[in-house]
Amino acid sequence: MITAHDVAEIPLFAKLPAEHLAQIAARAADVRLQPDQWLIQEGESSSFFALLEGTLDVIKVVGGTEQVINRYTPGDFFGEVPLILGSGAVASLRAREPARVLRLDPDDFQALVISDDLLSAQLLRTMAARVGHLQRLAVEAPLNRVQIIGHRWDPGCLDLRGFLARNHVPSEWLDLDTPADLEQIPEAARDAERYPLVLLPDEAILITPALRELADRVGLQTSPGKSCYDVAIIGAGPAGLAAAVYGASEGLSTVLIEREAPGGQAGTSSRIENYLGFPSGLSGDELSQRAWQQATRFGAEMVVARDVIGIDPTPGAYAVLLDGGTRVECKAIVIATGVVWRRLDAPGVEELTGRGVYYGASRTEAPATQGKDVYLIGGGNSAGQAALFFAGYVRQVYMLIRGEALSASMSQYLIDQLEATENVSVEPFSELSAARGETHLEAIVIRDARTGEERLCQTDALFVFIGADPETESLPGEIACDKRGYLLTGPAALRELERAGGRPRRDPYLLETTVPGIFAVGDVRAESIKRVASAVGEGSMAIAFVHQFLAEQSAPRA
């Protein structure tokens, strides 16, 4: 419990009247921390804090690496910068030793600032000094960037750039075909036999590296740290990330395995405006990065750049099988692999994929579209979000849809925004007939679905959003799918089990597949609602069922 005497020990408050000290004490929370316990992490909603006992490290990611930039001792106050600026916490705070912290909620802090002019002035002076310190750190931070050297139309270069960007590894792309970039490329890297090249901060050069090799070299985790886990989660989209957060926070040893980067398809969304609790919206990348940090904070292991090539469904000896021969033993499995973009079947598309034809919103390509005309195929929310994103770069965005209007497949708030955006044009009854180009996309042929008339349009950027299919081919036959490859769970799984030969010992849980202890969540699950919020809900619900399954396994049988 905070007392008026505790408040008076803080120099900022020392000269306040006794009744004012008592008011602060009555509203303040008494926060106790153990060594290495986080008080707050960068980006989280902040409060106002004052340190009463112990020591706190101020930690910030600078130049791509985590650094201790300051240290607080008893009497120090902090948290005023994000509260005054209306931002998230600008740094993380972690206890070096047992610590005691006074915390005021934002509303109480605002009342405190208004109540005393001298106090307000001191807080503003301190804030200005801290903002200046952060600016100096940003300017003086070493450019600890990975450099990717290659040609713009090389799909391998595109893959590496996208992988680093989505995993938040600072990188710079140097285009061999751009004179200004060519001047920055070391002489030894200008005439290589193969591209792309990757230059690491330690000056090592990787030649056309696989994603796993690159991930290892930039410090990402690519191998599990244990031989067995309570739960293994496959896929780091919203559903998988939610399962990792709830699994780890509830004491389960948790590993999350992801082929590329956190976020899944949702991670490429430029803006999600209908997600509960974010009235001004947030990007899919921001949402996934926050969830990733949250899961690791609770102790979940995050393994990236590994393909899951199978699952061993042997009762009592479940395992996730990774490329390279790694076997991850686990007591339960949550499958959250989501879906992949459906391929477009038109002449020239396959040959030009990655060379001007892209599936989904390839955000690393956005600067290269500056002032040009780009085309998007699809009328769903993903296409609408991408159109709004590219509208900030291009001269004109043309959305090609097969139907008459967007209302059949897109949320109304997106339709309204597209109609208000001058350089977005919706082209109804339009189909792609062909993609043309030699080394890269140069033009597309568009057919009118009503008349069959075709027209040639010059462009070097086509983004495709024509639906998606689940990736479940590598799963064992014991895990049943519907005709389209989506995983059956709950009542549907029960019907399939009965059809195949009899009633199981118990009914499958709501999100459980035809194999007890193996669950499916998010877009990969049959009859799921294809929304970020529902995927998050299913991921968190799955952990409740995992607990029930594990309790069932440990209970003595009659």
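All values derive from a computational prediction rather than experimental measurement.

## Topic: the overall build of the protein
Step number 1: Looking only at helices and strands, the protein has 15 helices and 29 strands in total.
Step number 2: Along the three orthogonal principal directions, the C-alpha set of the protein runs to about 85 × 75 × 50 Å.
Step number 3: Taken across its 558 residues, the protein has 51% of its residues classed as buried.
Step number 4: Carbon together with sulfur atoms contributes 50% to the accessible area of the protein, which is approximately 26,200 Å² in total.
Step number 5: Seen as two clouds, the 50 positive and the 75 negative side-chain charges of the protein have centres 3 Å apart.

## Thoughts on the side chain of Asp175
Step number 1: Mapped onto the elements of the fold, Asp175 is located in strand β10 (residues 171-175).
Step number 2: Among the polar contacts listed, one links the side chain of Asp175 to the backbone nitrogen of Asp177, at a separation of 3.0 Å.
Step number 3: For Asp175, the residues in contact, after removing those within four places along its chain, are Gly150, His151, Arg152, Asp181 and Leu182.

## Topic: the packing of aromatic side chains
Step number 1: All chains considered together, the criterion is met by 13 aromatic pairs.
Step number 2: On the basis of an interplanar angle of 25° and a centroid distance of 5.1 Å, the ring pair of Phe48 and Phe109 is categorised as stacked. One end of the pair, Phe48, is in strand β3 (residues 48-53); the other, Phe109, is in helix α4 (residues 106-115), and 61 residues separate them in sequence.
Step number 3: Here the aromatic residues Tyr358, Phe389, Phe390, Tyr393 and Phe463 are joined through ring pairs into a cluster of three or more.
Step number 4: Here the guanidinium or amino end of Arg161 rests over the ring plane of Trp173, the centre of that ring lying 3.8 Å away.
Step number 5: One residue, Arg506, lies across the ring of Tyr509, its end atom 4.1 Å from the ring centre.

## Some words on the nonpolar core
Step number 1: The biggest cluster of nonpolar side chains holds 65 residues, and the ones touching the most others in it are Val320, Ile333, Val334 and Ile335.
Step number 2: When residues in this core are grouped by element, the largest group, 7 residues, is from helix α15 (residues 532-554).
Step number 3: Ranked by size, the runner-up nonpolar core spans 44 residues in total, among them Leu158, Trp341, Ala391 and Phe463.

## Considering unusual backbone geometry
Step number 1: The step from Tyr195 to Pro196 runs through a cis peptide bond, and the omega angle for that step is 5°.
Step number 2: With respect to the helices, strands and loops of the structure, Pro196 is situated in the loop between α7 (179-182) and β11 (197-199).
Step number 3: The phi dihedral of Ala305 falls on the positive side, at around 60°, and the residue is not glycine.
Step number 4: On the secondary structure map, Ala305 appears in the loop between β15 (301-304) and β16 (308-312).

## Describing helix α10 (residues 284-297)
Because each turn of an α-helix spans 3.6 residues, side chains separated by three or four positions in sequence point in the same direction.
Step number 1: Here α10 spans 20 Å end to end across 14 residues, near enough to the 20 Å set by a 1.5 Å rise per residue.
Step number 2: For α10, the set of buried residues is Gly284, Asp285, Leu287, Ser288, Gln289, Ala291, Trp292 and Ala295.
Step number 3: Gly299 lies just past α10 and shows a positive phi near 105°.

## Things to note about the sheet that holds strand β8 (residues 99-104)
Hydrogen bonds between backbone groups are what pair the strands of a sheet, and the pairing can be parallel or antiparallel.
Step number 1: Reading across from one edge, β1-β8-β3-β6 is the order of the 4 strands in this open sheet, with antiparallel pairing throughout. With one partner strand each, in any of the chains shown, β1 (29-33) and β6 (77-78) form the two edges of the open sheet.
Step number 2: Bridging between β3 and β6 involves 2 bridges; their strand directions are antiparallel. Residue Phe49 lies in a different strand from β6, and its bridge partner there is Phe78.

## Details of the pattern of salt bridges
Step number 1: If you walk through the whole model with that rule in mind, you get 34 salt bridges.
Step number 2: Between Glu42 and Lys60 there is a salt bridge, with its nearest N and O atoms 3.0 Å apart. With Glu42 in the loop between β2 (38-40) and β3 and Lys60 in strand β4 (residues 56-62), this residue pair connects regions lying 18 residues apart in the sequence.
Step number 3: A relative accessible area of 28% means that Glu42 is categorised as partly exposed.
Step number 4: Since its relative accessible area comes to 17%, Lys60 is described here as buried.
Step number 5: Members of the salt-bridge network, linked through shared partners, are Asp6, Asp30, Arg32, Glu53 and Arg100.

## Section: the packing of helix α9 (residues 238-249) against α15
Step number 1: Their axes nearest at 7 Å, the elements α9 and α15 cross at an angle of 35°. In the packing of α9 onto α15, the handedness of the crossing is right-handed. Residues Pro238, Ala239, Ala242, Ala243, Tyr246 and Gly247 of α9 lie in contact with α15, whose contacting residues are Val532, Ala535, Val536, Gly539, Ser540 and Ile543.
Step number 2: Looking at side-chain class alone, the contact of α9 with α15 contains 9 nonpolar, 3 polar and no charged residues.

## Some thoughts on the sheet that holds strand β26 (residues 454-458)
Step number 1: The strand order across the open sheet formed by 3 strands is β24-β25-β26, and the pairing between neighbours is antiparallel. Two strands bound the open sheet, and with one partner strand each, they are β24 (430-436) and β26. For this sheet the average axis-to-axis angle between neighbouring strands, irrespective of direction, equals 30°.
Step number 2: Where β24 lies against strand β25 (residues 443-448), 6 bridges are found, and the strand directions are antiparallel. When the bridges of β25 are listed, Ala434 appears paired with Val445.

Reading the values: rules and limits
Residues take numbers from 1 onward in each chain, read along the sequence in its written order. In keeping with the model being predicted, local features are shown solely for residues with a pLDDT of at least 70 and side-chain atom pairs are shown and tallied solely at 80 or more, while totals for entire chains, interfaces and linings include all residues. The basis for every side-chain value is the complete set of non-hydrogen atoms in the structure, without hydrogens or water. Numbering of helices and strands runs from the N terminus, with a helix taken as a DSSP run of H or I at least four residues long and a strand as a DSSP run of E at least two residues long. When a residue's accessible area, from a 1.4 Å probe over protein chains only, is under 20% of the maximum for its type it is buried; when over 50% it is exposed; and in between it is partly exposed. To measure how exposed things are, a 1.4 Å probe is used in the Shrake-Rupley method; for residues, cover is taken only from the protein chains shown. Charged-residue counts in this description rest on Lys and Arg as positive and Asp and Glu as negative, His and the chain ends being excluded. A single reference atom marks each charge: NZ on Lys, CZ on Arg, CG on Asp, CD on Glu. Think of a polar contact as two N or O atoms within 3.5 Å of one another; within protein, one of them needs to be a possible hydrogen donor and the other a possible acceptor, and neighboring residues in sequence only count if both atoms come from side chains. Contact definition: two residues touch when any of their heavy atoms are within 4.5 Å. Pairs were defined over the aromatic rings of Phe, Tyr and Trp, the Trp ring being its six-membered one, requiring ring centres within 6.5 Å. Orientation was assigned from the angle between planes: stacked under 30 degrees, edge-to-face over 60, tilted for the rest. Here, a charge over a ring means that NZ of Lys or CZ of Arg falls within 6 Å of the ring centre while also lying within 35 degrees of the ring normal. Put simply, a nonpolar core is a bunch of buried Ala, Val, Leu, Ile, Met, Phe, Trp, Tyr and Cys residues held in one set by side-chain atoms that sit within 4.5 Å of each other. Each residue after the first adds 1.5 Å to the expected span of a helix. Should DSSP find at least two bridges between two strands, the strands are taken to pair. For this document, the term salt bridge refers to a Lys or Arg side-chain nitrogen within 4 Å of an Asp or Glu carboxyl oxygen. Each axis is a line fitted through C-alpha atoms, and for a helix only the stretch in contact is used; angles between axes span 0 to 180 degrees, taken between their N-to-C directions. Take the far helix as your reference; a near helix turned counterclockwise from it by less than a right angle gives a left-handed crossing, and one turned clockwise gives a right-handed crossing. Basically, the charged four are Asp, Glu, Lys and Arg, the nonpolar ten are Ala, Val, Leu, Ile, Met, Phe, Trp, Tyr, Cys and Pro, and anything else, Gly included, counts as polar.

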